[in-house]
Amino acid sequence: MSRLGNSMDLPFENNPTGTSVPLDDALISGGVVVMAAVVPVDGGPKPALVFRFSDPHGRFYPPMVLVADDDQMAKTTDLVSKAVRAARAAAKGAA
C-alpha cells in the first residue's frame, strides 16, 4: 500500500496579529458536520474525514473529504485544537 506523502504534514500556521481573512472568494459556513470514513487509495484503505459545511441557512455545500495516512490523520486532533484556540483568541483580541 503506497503512502500519500507528508509534503504538507498537516501544519498549523497562526495569522499574524491584526490580520483578517478576505471573504471575496470564500464561502461562509453556518455549521459543520464531520463524519469518519474509509477511502480506498491504491487498493488499500486510508482514514478519511468527510466535512459537510452548511450555508448560514442550513443548506449543505458539497462535501469536502480529507484523506490522509494514519500518522497524518492522528495529527488532525492537535491541528484543529490549535486552530480553534487561535481563532477564539484572535476574535477576543479584535473585540
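Bear in mind that the values here come from a model prediction, so they are computed numbers and not experimental data. Every chain is numbered independently, its residues counted from 1 as its sequence is written. The model is predicted, so local features are restricted to residues of pLDDT at least 70 and side-chain atom pairs to those at 80 or more, both for listing and for counting; the totals for chains, interfaces and linings are taken over all residues. Computation of side-chain values covers all heavy atoms of the structure but excludes hydrogens and water.

## Observations regarding the pattern of salt bridges
Our working rule: Salt bridges are identified by distance alone: a Lys or Arg side-chain nitrogen within 4 Å of an Asp or Glu carboxyl oxygen. A run of H or I in DSSP counts as a helix once it spans at least four residues, and a run of E counts as a strand once it spans at least two, with each numbered from the N terminus. The buried label applies to any residue whose accessible area, calculated with a 1.4 Å probe on protein chains only, is under 20% of its type's maximum; exposed applies above 50%, and partly exposed to all values in between.
One pass over the full model with this rule turns up three salt bridges. One salt bridge in this structure joins Asp69 and Lys46, with 2.8 Å as the shortest N-O distance. Here Asp69, found in the loop between β3 (64-67) and α1 (70-74), pairs with Lys46, found in strand β2 (residues 44-54); they are 23 residues apart in sequence, far enough to count as distant. Take Asp69 and Lys46: they sit in the same class, and that class is buried.

## Topic: the packing of aromatic side chains
What counts is decided by this rule: Geometry of aromatic contacts follows a simple scheme: Phe, Tyr and Trp rings, the Trp one being its six-membered ring, pair when their centres are within 6.5 Å, and the pair is stacked under 30 degrees between planes, edge-to-face over 60, tilted otherwise.
Counted under the stated rule, the structure contains one aromatic pair. The interplanar angle of 10 degrees and the centroid separation of 6.0 Å between the aromatic rings of Phe51 and Phe53 together place this pair among those described as stacked. Residue class for Phe53 comes out partly exposed when judged on its relative accessible area of 31%.

## Re the environment of Ala48
Relative to the helices and strands, Ala48 is located in strand β2. By relative accessible area, Ala48 is classed as buried at 3%.

## Overview of the sheet that holds strand β1 (residues 31-41)
This is how the line gets drawn: Between any two strands, at least two bridges found by DSSP are needed for them to pair. Lines fitted to C-alpha atoms define the axes here, with helix axes fitted over just the stretch in contact, and angles between the N-to-C directions of these axes take values from 0 to 180 degrees.
One open sheet accounts for three strands, arranged β1-β2-β3; its pairing is antiparallel. Every other strand in the sheet has two partners, leaving β1 and β3 as the edge strands with one partner each. If you compare each strand with its neighbour and ignore which way they point, the axes differ by 25 degrees on average. Looking at chain direction, β2 and β3 are connected through four bridges and run antiparallel. Within β3, the residue paired with Leu49 across the bridge is Leu66.

## Quick notes on the side chain of Asp55
Formally: Here a polar contact is recorded for every N or O atom pair within 3.5 Å, except that within protein the pair must consist of a potential hydrogen donor and a potential acceptor, and residues adjacent in sequence are included only if both atoms are side-chain atoms. Any two residues whose heavy atoms approach within 4.5 Å are treated as being in contact.
Residue placement: Asp55 occurs in the loop between β2 and β3. A polar contact of 2.7 Å, which involves the side chain of Asp55, links it to the backbone nitrogen of His57. Here Asp55 is in contact with Ile28, Gly30 and Tyr61, once residues within four sequence places are set aside.

Nothing here speaks to function; it is all geometry.
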